[in-house]
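# Examining the three-dimensional arrangement
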Amino acid sequence: NGSVPTDPKVVARAKAKARTKRPKTRERASRTLGWREWVSFPEHGALWIKAKVDTGARTSAIHARNVVTFIRDGQRWVRFTVMPWQSSSHDAVELEAELADERWVRSSTGHREFRPVVLLPVTIAGLTHQVEFTLSHRAEMGFRILLGRQALRGHYQVDPGQSYLGDRPPAEIRRRNERKAHAEW
């Protein structure tokens, strides 16, 4: 009949329902990740790498080669090489970061490995924040980066039926990735 409800219980339920209704905005969609995503490292220029989003993994991991620990201003640092393209060493980038920790990590196959841990600023689906990465040898894995629960918690939800819902590198970088990967096979 078009009348406005006056019963306080009805009004309270309507207000609660309105608050819990999820907005259908671009911002909301950019915080939902698929099972694989492109991530970038803003402090390192146009470095984009494909990542597997894995809610079963606690810690994130990045494929790192030539790992060297050194002292800078009394602090332990680590220098390592990141190769962004799967099955290729083209466009390798050397990174340096303060060593945050070293710890034992158990892989999905049950193998235990002692790994260096670094904090790196990473952009995922338009949001940049510090992510804790273990440095590991992921050459045989399908993705150079694994994003674990710690990187996702409080920032993202995951839709395992989708892929690449967040930001993507320019088309030229995506094409270069495809060419490099196929050239090495």
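Right, let's walk through the structure included here. (Residues numbered from 1 in each chain as written. Predicted model: local features only at pLDDT ≥ 70, side-chain atom pairs only at ≥ 80, totals over all residues. Heavy atoms only, no water.)

Next up on the list: the overall build of the protein chain. When helices and strands are counted, the protein chain shows four helices and eleven strands. Counting all 185 residues of the protein chain, 38% fall into the buried class. Counting contacts in the protein chain only where the partners sit at least 6 residues apart, residues at least 24 apart contribute 56% of the total. Of the roughly 11100 Å² of accessible surface on the protein chain, 49% is carried by carbon and sulfur atoms. (Helix = DSSP H or I, 4+ residues; strand = E, 2+ residues; numbered from the N terminus. Buried < 20%, exposed > 50% of the residue type's maximum accessible area, 1.4 Å probe, protein only. Contact = heavy atoms within 4.5 Å. Areas by Shrake-Rupley, 256 points an atom, 1.4 Å probe, with all protein chains shown as cover.)

Side chains that differ in sign of charge can pair as their charged atoms come close. Tallied over the entire structure, the rule returns seven salt bridges. Note that Arg 72 is salt-bridged to Glu 96, the shortest N-O span being 2.5 Å. You can see Arg 72 sitting in strand E5 (residues 65-72) and its partner Glu 96 sitting in strand E7 (residues 93-106), a full 24 residues away along the chain. Classification of Arg 72 by relative accessible area gives partly exposed; the value is 28%. A salt bridge links Arg 79 to Glu 94, with the shortest nitrogen-to-oxygen separation between them at 3.9 Å. Separated by 15 residues along the polypeptide, Arg 79 in strand E6 (residues 75-82) and Glu 94 in strand E7 bring together distant segments of the chain. For Arg 79, a relative accessible area of 26% puts it in the partly exposed group. Because the salt bridges share partners, they merge into one network encompassing Arg 72, Arg 79, Glu 94 and Glu 96. (Salt bridge = Lys/Arg side-chain N within 4 Å of Asp/Glu carboxyl O.)

Below, the discussion takes up the environment of Val 67. Looking at the secondary structure, you find Val 67 in strand E5. Take Val 67: its relative accessible area is 37%, and that puts it in the partly exposed class. As a C-alpha pair, Val 67 and Pro 116 span 49 residues in sequence and 8.9 Å in three-dimensional space. Leaving out residues up to four positions away in the same chain, Val 67 has contacts with Val 78, Arg 79, Phe 80, Pro 116 and Leu 135.

Let us look at the nonpolar core. If you look at the biggest cluster of nonpolar residues, it comprises 28 residues, and the most contacted ones within it are Val 39, Phe 41, Phe 80, Val 118, Phe 133, Ile 145 and Leu 147. Sorting the residues of this core by element identifies strand E3 (48-53), E6, E7, strand E8 (112-124), strand E9 (127-136), strand E10 (145-147) and helix H3 (149-152) as the ones contributing at least two each. (Core = buried A, V, L, I, M, F, W, Y, C linked by side-chain atoms within 4.5 Å.)

To continue, consider unusual backbone geometry. Although it is not a glycine, Asn 66 sits at a positive phi angle of roughly 55°. When you line up the elements, Asn 66 lands in strand E5. Residue class for Asn 66 comes out exposed when judged on its relative accessible area of 56%. At Asp 73, a position not held by glycine, the phi torsion is positive, near 50°. Structurally, the position occupied by Asp 73 is in the loop between E5 and E6.

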